Amino acid sequence: MHETIDSRHMNALDLNCEFFGLSRLQLMENAGKGIAEEILSRFNHGRVVIFAGTGNNGGDAFVAARFLKGFDVEIVLAGDVKSELARRNLSILEKAGMPVSRWGSYEFEGGDIIIDALLGTGFRGKLRGPYRAIIHKINESDGFKVSVDVPSGLDADTGEYETAVRADLTVTFHRAKPGLLRAGELAGEVVVKDIGIPELFEKLSGPGDFKLAYRRFEHAHKGMHGRVLVVGGSPYIGAPVLSALAALKAGADIVTLAVPESIYPQAGSFSPELIVRSIPGDELSTENVSEIARLAEKHDVVVFGMGTVDKGDVAEEISERVERMVIDAGGLSPSIHCNAILTPHAGEFRRVFGKEASEVNVIDAAEKSGTCIILKGKRDIISDGERTKYNDTGNAGMTVGGTGDVLAGIAGALYAINDDAFTAACASAFIAGYAGDLCFEEKGYNFTALDVIEKLPHAVKKIMELK
Ligand SMILES: NC(=O)C1=CN([C@@H]2O[C@H](COP(=O)(O)OP(=O)(O)OC[C@H]3O[C@@H](n4cnc5c(N)ncnc54)[C@H](O)[C@@H]3O)[C@@H](O)[C@H]2O)[C@H](O)CC1
Ligand SMILES: [K+]
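Per an unreviewed UniProt entry, the chain carries the name Bifunctional NAD(P)H-hydrate repair enzyme and comes from Geoglobus acetivorans. According to UniProt, the comment filed for the chain under the heading Subunit (unreviewed entry) is "Homotetramer."

Caption draft 1: Just the site of ligand 1, in detail. Surveying the vicinity of ligand 1 reveals 24 residues, the closest of which are Asp14, Thr54, Asp60, Gly120 and Asp149. Take Thr121: an N or O atom from its main chain is 2.9 Å from an oxygen atom of ligand 1. Asp149 places a polar side-chain atom, nitrogen or oxygen, 2.6 Å from an oxygen atom of ligand 1. Protein chains shield 88% of the accessible area of ligand 1, which is 880 Å² for the free molecule. Those elements giving two or more residues to the shell around ligand 1 turn out to be α1 (7–19), α2 (24–40) and α3 (56–67). Class assignment of the residues belonging to the shell around ligand 1 gives a composition of 10 nonpolar, seven polar and seven charged.

Caption draft 2: Examining the coordination of the potassium ion (ligand 2) more closely. Looking at the potassium ion (ligand 2), one finds its protein donor set to be Asn57 (OD1), Asp116 (O), Leu119 (O), Val148 (O), Val150 (O) and Ser152 (OG), positioned 2.6 to 3.1 Å from the metal centre. Note that the potassium ion (ligand 2) binds six donor atoms; their angles at the metal cover 69 to 174°, and the shape is irregular. Counting along the primary sequence, the residues that act as donors to the potassium ion (ligand 2) give the motif N-x58-D-x2-L-x28-V-x1-V-x1-S. Residue Leu119 is found in the loop between β4 (113–117) and α5 (131–140), and its partner Val148 is found in strand β5 (residues 144–148); the two are separated by 29 residues along the sequence.

So, how was this worked out
- Residues numbered from 1 in each chain as written.
- Chains lettered and ligands numbered in written order.
- Predicted model: local features only at pLDDT ≥ 70, side-chain atom pairs only at ≥ 80, totals over all residues.
- Heavy atoms only, no water.
- UniProt positions renumbered as here; feature names shortened; annotations may be inferred.
- Near = heavy atom within 4 Å.
- Polar contact = N/O pair within 3.5 Å; in protein donor to acceptor, adjacent residues only side chain to side chain.
- Areas by Shrake-Rupley, 256 points an atom, 1.4 Å probe, with all protein chains shown as cover.
- Helix = DSSP H or I, 4+ residues; strand = E, 2+ residues; numbered from the N terminus.
- Nonpolar A, V, L, I, M, F, W, Y, C, P; charged D, E, K, R; others polar.
- Donors = N, O, S within 2.8 Å, 3.2 Å for Na, K, Ca; no water.
- Tetrahedral: all angles 85-135°; square planar, octahedral: opposite > 155°, others 65-115°.

As structure tokens, then:
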């Protein structure tokens, strides 16, 4: 497990915890109690001045204040508290009669302990408003300075800062932030507090993983949200069509479906939303590689193999000519020469890698093949050899034919807009299963692959609305 966690991944983990039932209010309570514990282990009385910002960093300190019994605590707000969680904890203090002042109308006369809860992982850009002035006041005071999560003004990821609190102690949560390791003296003593996030929650894909991968740009032009080339079919016709439709519903702007001419008429008749191309021959072969590579030039990713049998050799040759692939079904091969996401189920994994489909073997196969593997199952296992996560979304209704093709299409759409295969793979496994769960809620187990595709936009909307 990594020593540090950056802000984006910490936020993603928070969202995942909430999705798995561990609320941010609970995390804030644990964070606040952790701050108080560190203070109580060093002091047993004194004047405490808490400088609080407008977000959850302030919220943590409002919780801490409740545990500082025997201390003379006062709160100074830098501005209107925006975070609902922080506001809830502030109103508890107000009801408890704790003095709360506003920076503008507050005379700072120092304190024994100064708690810096102005800015944490939500700090972006240049310091705005009164923050620079408050930080200077804090740094001038001779109280014992405790920074919540990170010294305010420090970029939690890069460690860069212009004006930042010079802390004696920094109490950070769950894992250290990369910026803290680069901040040298500035952060003072750094203590990492466990805030009760189960280890498995850090290994389970959740909505936070999807939000790390999915983006929609306001001022975008066609193609910016991904151009996916789906190549497959023969002997099966429907499979590559399902992947292509899934890529569209997962947000890709342009999806081209390329199939052997033997099935072109049928494959081309399924949907006007797809650009359909015919490749010479009854079935795919290595002779088609130049044609496929030419088509791939206008696309960000090639999704290959759905509806084919035993086309690993074709996949290998394509992988020498393109940047990025998603490979499924008959296209699976252990020797792919480009960045790729492979989506085998247990049987396919045994066939392709000649080993049992266990977590250890998936990690080993991903490492040796230099690819990212999604081993599909009741619990999907996703690994790029270095990082490994699971996905538990989905249900028994997804054993119906075609859901694997749907996952391959989704992975194509997300890999088209993410350079990191692992990020795209975790997000794909999560949203495919989540869409299946929404289908189950509506229809029970007898839904089909087309139902999952139809549910995708709704699934994405629900996840992106989560704050
Ligand atoms: N899992 C955890 O680790 C938990 C961490 N917690 C704490 O939450 C903060 C992050 O909270 P967030 O609300 O996302 O952001 P901040 O409080 O850090 O700041 C946002 C706040 O500040 C304003 N702001 C942002 N940049 C600037 C700027 N340049 N100038 C002025 N103001 C700025 C912005 O408008 C926001 O209102 C984390 O550090 C932990 O302390 C959770 O409480 C528990 C779980
Ligand atoms: K802080």
